[in-house]
Amino acid sequence: MYPFNRNRRLRQSEAIRSLVREHSLSPQDFLVPLFVVEGKAVKETIPSMPNYYRYSLDKLEEEIKTLWSLGLRAVLLFVKVDDTLKDNEGTEAINPKGLMQRAIQRVKEVCPDMLVMTDVALDPYSSFGHDGVVQNGKIVNDPTTVILAEMSVSHARAGADFVAPSDMMDGRVFAIRQALEEASFIDTGIMSYSAKYASGFYGPFRDALDSAPGFGDKKTYQMDFGNSQEALREVAADIDEGADIVMVKPGMACLDIVSQVAQNFHVPVAAYQVSGEYAMIKAAAEKGWLDHDQIMIESLTAFKRAGARIIASYFAKDVVKLLG
Ligand code: PBG
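Notes on the structure follow. These numbers were taken from a predicted model, which means no experiment stands behind them.

Cut-offs used in this document
- Residues numbered from 1 in each chain as written.
- Predicted model: local features only at pLDDT ≥ 70, side-chain atom pairs only at ≥ 80, totals over all residues.
- Heavy atoms only, no water.
- Phe/Tyr/Trp six-rings, centres within 6.5 Å; stacked < 30°, edge-to-face > 60°.
- Helix = DSSP H or I, 4+ residues; strand = E, 2+ residues; numbered from the N terminus.
- Buried < 20%, exposed > 50% of the residue type's maximum accessible area, 1.4 Å probe, protein only.
- Lys NZ or Arg CZ within 6 Å of the ring centre and 35° of its normal.
- Salt bridge = Lys/Arg side-chain N within 4 Å of Asp/Glu carboxyl O.

The next subject is the packing of aromatic side chains. Considering all chains together, one arrives at 13 aromatic pairs under this definition. Seen from their ring centres, phenylalanine 128 and phenylalanine 215 are 5.7 Å apart, and the 85° between their planes marks the pair as edge-to-face. Residue phenylalanine 128 is found in the loop between β5 (115–120) and β6 (133–135), and its partner phenylalanine 215 is found in the loop between α6 (203–209) and α7 (229–241); the two are separated by 87 residues along the sequence. Assessed through its relative accessible area of 32%, phenylalanine 128 is described here as partly exposed. When its relative accessible area of 29% is taken as the criterion, phenylalanine 215 is described as partly exposed. By the ring-pair criterion, three or more aromatic residues cluster together here, those being Phe35, Tyr52, Phe78, Tyr193, Phe205, Tyr272, Tyr278, Tyr314 and Phe315. Geometry around tyrosine 193 places lysine 196 over its ring, the cationic atom sitting 5.3 Å from the centre. Positioned above the aromatic ring of tyrosine 202 is the side chain of lysine 196, whose terminal nitrogen or guanidinium carbon lies 5.3 Å from the ring centre.

A few words on the pattern of salt bridges. Evaluated as defined, the whole model comprises 19 salt bridges. Between glutamate 44 and arginine 54 there is a salt bridge whose closest N-O contact spans 2.7 Å. Note that glutamate 44 is positioned in strand β2 (residues 43–45) and arginine 54 in strand β3 (residues 53–55), a separation of ten residues in sequence. Overall, glutamate 44 belongs to the partly exposed group, its relative accessible area being 32%. Arginine 54 sits in the buried class, given a relative accessible area of 9%. The closest approach of N and O atoms between lysine 65 and glutamate 61, which form a salt bridge, is 3.9 Å. Here the residue lysine 65 and the residue glutamate 61 both occupy positions in helix α2 (residues 57–69), the gap between them amounting to four residues, near one helical turn. Residue classification places lysine 65 among the partly exposed residues on the basis of a relative accessible area of 48%. Through salt bridges with shared partners, a single ionic network connects Glu14, Arg17 and Arg21.

Here you go:
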């Protein structure tokens, strides 16, 4: 009781504040998303994602070395696929010589201990820009999970440590786990995007991969942002089906969900600070309306405080540089 208890005693100096701080950031918290393109010596800017790039494989190699030297130990790979290779079934996704498969191999060659996670969904490969197969204007579930399972095995064969299904089809974790087991990839893990909302915050990412849906939206498979109980059902189902890590996405708009998932389940929880969150912070900082570094640290620390063990963020490199 006041005056014996004065909360401000623990806030008097940075020394005491850091001594009692419950949550802080370190390099091992981060998963670095990387965008890969065909070509040589390509490091392309993405207008809606300032200071973020698409890399050709040779440049990717350099970037991986840099990330490793900074203490970053896990990457999440995405590929931008040429339009001529896109079709409704995402056939290119299972090409053993496809860009994703070569990217995985390249990372493992230059940095065998870097943890490689791969995005599993059809959208970058789909002529319709949807995460699943389209039939009569609908995104069909079960034919899609068969392809996602094949895609996952193909990534595992190329050397991926974890596959990360981001498509939100029902039963895809089960289909993927079963296919990995059958192909003897018993140690290949699954980080499932379990609670992924149909969100406006993915816009800049779709610019980066040229993967915006050609018709309609993703609301028949990604979750309605008015719901939270549904997120817990999704997470429970994915754990049941064999997910090793569950993810919530987007991040800042869903910290309540991150918190509920972390409290209700005993598996590592990941959260994704998505492209739109990154773009908002960058844009406000460019205008001088917010302090870039302060907002970066504050927003990411909030993920930890909410209960995320792992954070996927486009700020990963900047933040570890700042942490020193
Ligand atoms: C693909 C995928 C998306 C993101 C990650 N994987 C886009 C989408 O679902 O439309 C978004 C990531 C971001 O915005 O940073 N299924």
